[in-house]
Amino acid sequence: MMSNIIRTKNLIHDYPKCDEDGNVIGSYRALDDVNIEIEQGSFVAVLGHNGSGKSTFAKHLNAILYPTEGCVWVNGYDTSAEEDVWNVRQSAGMVFQNPDNQIIGTVVEEDVAFGPENMGVKTKEIWDRVNYALNAVRMNAYREHSPNKLSGGQKQRVAIAGVVAMRPKCIILDEPTAMLDPVGRKEVISTIKHLNKTEGITVILITHYMDEVIDADRVYVMNNAKVEMQGTPREIFSNVEKLKEIGLDVPQVTELAYELRKRGISMRDGILTIDEFVEEYGRLVK
Amino acid sequence: MSIKLENVNYIYEDGTINRFRALKDINLEVNDGEFVGLIGHTGSGKSTLIQHFNGLVKPTEGVVSYNGEDIFGEKYNRKNLRLEVGLVFQYPEHQLFEAEVLQDVAFGPRNQGLSEKEALIKAKEALALVGIGENYYNKSPFELSGGEKRKVAIAGILAMEPKILILDEPTAGLDPKGRDNILELLKRIHGERKITVILVSHSMEDIAKYVDRMIVMNKGSIMYDDSPKKIFRYHKELEEIGLAAPQITYLMQRLKESGYDVDENATTIEEALKGLNINA
């Protein structure tokens, strides 16, 4: 049986609302009864517009935030148990949007070594881990470079290597490609998929880009602090109307098939790729 | 009325070991009322180019002129130029600094020498134009969402009533709704105020949908300067420089190659709906 690396039960998160003098005058519910189970080794995507609760959810998986109500377990550790907080953070590593905010070393390999060094790993093993991590993100050729001179995509891969060097079972990436150009986006996404497929690391990818999602094992769509939809990418993208209502995009071929269907053409639901569209088109015009 | 660049070269850190030629022999004219998309991967020279448009950087060689006058001529008033050519940087919301939204937007016109009353009128007009209502006037910029902050930042430039509006990746980091909001806003401003818009973007889908003219930069040179439709025919060349055509272009070309009677030049969903030649 596959075990769940992450499980949330009736997770609720309230942020306090303050007046100008800093007095708490109420609260704002950012997560409302979220129940999610994520299998070890899977590739999971979380979609949702700004303010839907995605990032708050991500912060719970790394014990940056604690539940207002309900529970979160990461690798079997309850995130609200103070004594397990380091176990939680070693099990699940986070990568954020802005690569410039995550790099602290003056040389790439030093930056990647920071995490394991901080964990008290022995020097020899630190270097093994740095080698492993830089190879995993394909940045070994740059190990002695200054991070300043790297492209956005390369910096983001270094940030990912920094997390990989801590040997987490799970990596959570909060819009890791939002600030990158198309080349950088491709590099980062292919790195993430590689880590998932060959290194067996569970990946939780939070994103706005639908094309990054079509290879995921499971997709969660968040809206107004709740999980509004969940399923395989095909199941999710079969519901173009609802995605649009929530304010999300679909891949262009999916949208085109949807528009054709609206015009009475019997295209099937859930077309995700150019190949699928071409095949379906062939069936129709025959 | 136009911005014109003639044989413009720009070299960073000339005379040092870090010498880098960021722009190479650029010849370009942007005319009144155009909606231009500027595309190129990181480091292709886009940002250096747009900084020439309002004289923030001086070309190492060549001439930049605005309405026929050399903007680096001896008596040229570049302060005036910057009022007419508004530049919205990447992540402009990082530049919001006043305690209240209305005051932030009024900063520009106030700086132009307008009276307090006039500056506030301009600020209110600009906020109305970007769809930010009165109930936001006294809010702190920090209380706003990412998309709202960006609209306020754009309003800060619009309040100075520029004739040309240049935006460096105005939708970066926004969600799909926020992105569509900003792009529709630009389209509306372009139509209503008849101003020239120059949009730097990484999204080919957006460029295909909104602009009339597209300029592709590569390694400091202009590689293509034409309508998006014509340029997307060179999708293989675009891929070689790290760019791509919209997904629709690839779909239509695949269908054509598979022997179907479709319009392989469609670049948007609307064009594809017509070009697929399929009826219910």
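Values in this document were obtained by computation on a predicted structure and should not be read as measured data.

How each quantity is defined
- Residues numbered from 1 in each chain as written.
- Chains lettered and ligands numbered in written order.
- Predicted model: local features only at pLDDT ≥ 70, side-chain atom pairs only at ≥ 80, totals over all residues.
- Heavy atoms only, no water.
- Helix = DSSP H or I, 4+ residues; strand = E, 2+ residues; numbered from the N terminus.
- Rg over C-alpha atoms; globule rule 2.2 N^0.38 Å.
- Contact = heavy atoms within 4.5 Å.
- Areas by Shrake-Rupley, 256 points an atom, 1.4 Å probe, with all protein chains shown as cover.
- Lys, Arg positive; Asp, Glu negative; His and termini not counted.
- Charge placed at Lys NZ, Arg CZ, Asp CG, Glu CD.
- Buried < 20%, exposed > 50% of the residue type's maximum accessible area, 1.4 Å probe, protein only.
- Polar contact = N/O pair within 3.5 Å; in protein donor to acceptor, adjacent residues only side chain to side chain.
- Buried area = accessible area lost by both parts, 1.4 Å probe.
- Salt bridge = Lys/Arg side-chain N within 4 Å of Asp/Glu carboxyl O.
- Core = buried A, V, L, I, M, F, W, Y, C linked by side-chain atoms within 4.5 Å.
- Domains from an automatic or database assignment.
- Pairing = 2+ DSSP bridges.
- Axes fitted to C-alpha atoms, helices over the stretch in contact; angles between N-to-C directions.

**Description of the overall build of chain A**
Step number 1: Along chain A, the regular secondary structure elements total ten helices and ten strands.
Step number 2: Computed over C-alpha atoms, the radius of gyration of chain A comes to 20 Å, within 12% of the 19 Å expected from 2.2 N^0.38 for 286 residues, which places it in the range of a compact globule.
Step number 3: Expressed along its principal axes, the backbone C-alpha trace of chain A runs to roughly 65 × 50 × 45 Å.
Step number 4: In chain A, the proportion of contacts linking residues at least 24 apart, taken out of those at least 6 apart, comes to 62%.
Step number 5: As presented, chain A carries roughly 12,800 Å² of accessible surface, and 46% of it is formed by carbon and sulfur atoms.
Step number 6: Between the mean site of the 32 positive side-chain charges and the mean site of the 42 negative ones, chain A shows a separation of 5 Å.

**Side note on the overall build of chain B**
Step number 1: For chain B, the helix and strand inventory stands at eleven helices and ten strands.
Step number 2: What you see for chain B is a C-alpha radius of gyration of 20 Å, in line with the 19 Å of a compact globule of 280 residues.
Step number 3: Going through the 280 residues of chain B one by one, you find that 52% of them count as buried.
Step number 4: For chain B, the proportion of contacts with a sequence separation of at least 24, taken over those separated by at least 6, is 60%.
Step number 5: Counting only carbon and sulfur atoms, one obtains 46% of the accessible surface of chain B, whose full area is about 12,900 Å².

**Focus on the side chain of Asp-111 of chain A**
All names here are of chain A.
Step number 1: As for its position among the elements, Asp-111 is in helix H3 (residues 108–118).
Step number 2: Reaching out from Asp-111, the side chain makes a polar contact with the backbone nitrogen of Ile-104 at a distance of 2.7 Å.
Step number 3: In this structure Asp-111 touches Gln-102, Ile-103, Ile-104, Gly-105 and Val-158, once residues within four positions along its chain are discounted.

**Re the interface of chain B and chain A**
Step number 1: In this complex, chain B contributes 32 residues to the contact, which on the side of chain A involves 35 residues.
Step number 2: Summed over both sides, the interface of chain B with chain A buries roughly 2,900 Å², with 65% coming from carbon and sulfur.
Step number 3: Here chain B and chain A share two salt bridges between them.
Step number 4: Residues Arg-179 of chain B and Asp-249 of chain A are paired through a salt bridge, measuring 2.7 Å at the closest nitrogen-oxygen approach.
Step number 5: Looking at the side of chain B that touches chain A, the elements that each hand over two or more residues are helix H6 (176–193), helix H10 (247–257) and helix H11 (269–275) of chain B.
Step number 6: In terms of residue count, the dominant contributor to the side of chain B that touches chain A is H10 of chain B (six residues).

**Here we look at the nonpolar core**
Step number 1: One finds Leu-256 and Phe-277 of chain A together with Leu-127, Leu-158, Leu-255 and Leu-276 of chain B to be the most contacted residues of the largest nonpolar core, which totals 74 residues.
Step number 2: Among the elements that take part in this core, helix H5 (residues 146–158) of chain B stands out by supplying six residues, more than any other.
Step number 3: Contact partners of Leu-158 of chain B, with chain neighbours within four places excluded, come to Ala-126, Leu-129, Val-130, Leu-165, Ile-189, Arg-193 and Ile-195 of chain B.
Step number 4: Ranked by size, the runner-up nonpolar core spans 48 residues in total, among them Leu-134, Ile-189, Leu-195 and Ala-216 of chain A.

**A look at unusual backbone geometry**
All names here are of chain A.
Step number 1: In the Ramachandran plot, Glu-175 falls in the positive-phi region, its phi being about 50 degrees despite a non-glycine side chain.
Step number 2: Note that Glu-175 resides in the loop between strand S7 (170–174) and helix H6 (182–199).
Step number 3: Exposure remark for Glu-175: the relative accessible area of 7% places this residue in the buried category.

**Regarding the pattern of salt bridges**
Residue and element names in this part refer to chain A.
Step number 1: Evaluated as defined, the whole model comprises 34 salt bridges over all chains.
Step number 2: The closest approach of N and O atoms between Glu-255 and Lys-244, which form a salt bridge, is 2.6 Å. Residue Glu-255 is located in helix H9 (residues 252–262), and its partner Lys-244 is located in helix H8 (residues 240–246); the two are separated by eleven residues in the primary sequence.
Step number 3: Note that Lys-262 is salt-bridged to Glu-259, the shortest N-O span being 3.7 Å.

**Some points on the environment of Asn-138 of chain B**
Step number 1: Locating Asn-138 of chain B in the fold gives a position in the loop between helix H4 (116–129) and H5.
Step number 2: The exposed category is assigned to Asn-138 of chain B, whose relative accessible area is 58%.

**Quick notes on the domain arrangement of chain A**
Residue and element names in this part refer to chain A.
Step number 1: On domain assignment, one finds that chain A holds domain 1 (4–250) and domain 2 (251–286).
Step number 2: With centres defined by C-alpha atoms, the gap from domain 1 to domain 2 works out at 33 Å.
Step number 3: Contacts between domain 1 and domain 2 engage ten residues on the former and eleven residues on the latter.
Step number 4: Between domain 1 and domain 2 lies a buried interface of about 990 Å² when both sides are counted; carbon and sulfur atoms form 60% of it.
Step number 5: Across the domain 1-domain 2 interface, the total number found is two salt bridges.

**So, the pairing of strand S3 (residues 43–47) of chain A**
All names here are of chain A.
Step number 1: For S3, a buried count of five out of five residues is recorded, marking the element as mostly surrounded by other parts of the structure.
Step number 2: Here S3 shows a buried face lined by Phe-43, Ala-45 and Leu-47 and a second buried face lined by Val-44 and Val-46.
Step number 3: Both S3 and strand S8 (residues 202–206) contribute to a ladder of four bridges, which runs parallel. Each bridged residue has a counterpart across the sheet, and for Val-46 the counterpart in S8 is Ile-206.

**Here's the deal with the sheet that holds strand S9 (residues 218–223) of chain A**
All names here are of chain A.
Step number 1: Across the sheet, six strands lie side by side as S6-S7-S8-S3-S9-S10; this open sheet has mixed pairing. Edge positions in the open sheet fall to strand S6 (92–95) and strand S10 (226–231), since each of these has one partner strand only. Neighbour-to-neighbour, the strand axes of this sheet turn through a mean angle of 20 degrees, independent of strand direction.
Step number 2: Its contacts with the sheet place helix H5 (residues 152–164) against S6 and S7, and it is angled at close to 165 degrees to S6.
Step number 3: Where H6 meets the sheet, its contacts fall on S3, S7 and S8, and the angle it forms with S8 comes to roughly 150 degrees.

**A look at the side chain of Thr-267 of chain B**
Residue and element names in this part refer to chain B.
Step number 1: Here Thr-267 lies in the loop between H10 and H11.
Step number 2: According to the relative accessible area criterion, Thr-267 is buried, its value standing at 4%.
Step number 3: With near-sequence residues (within four places) excluded, Thr-267 lies in contact with Ala-208, Lys-229, Phe-232, Pro-246, Ile-248 and Thr-249.

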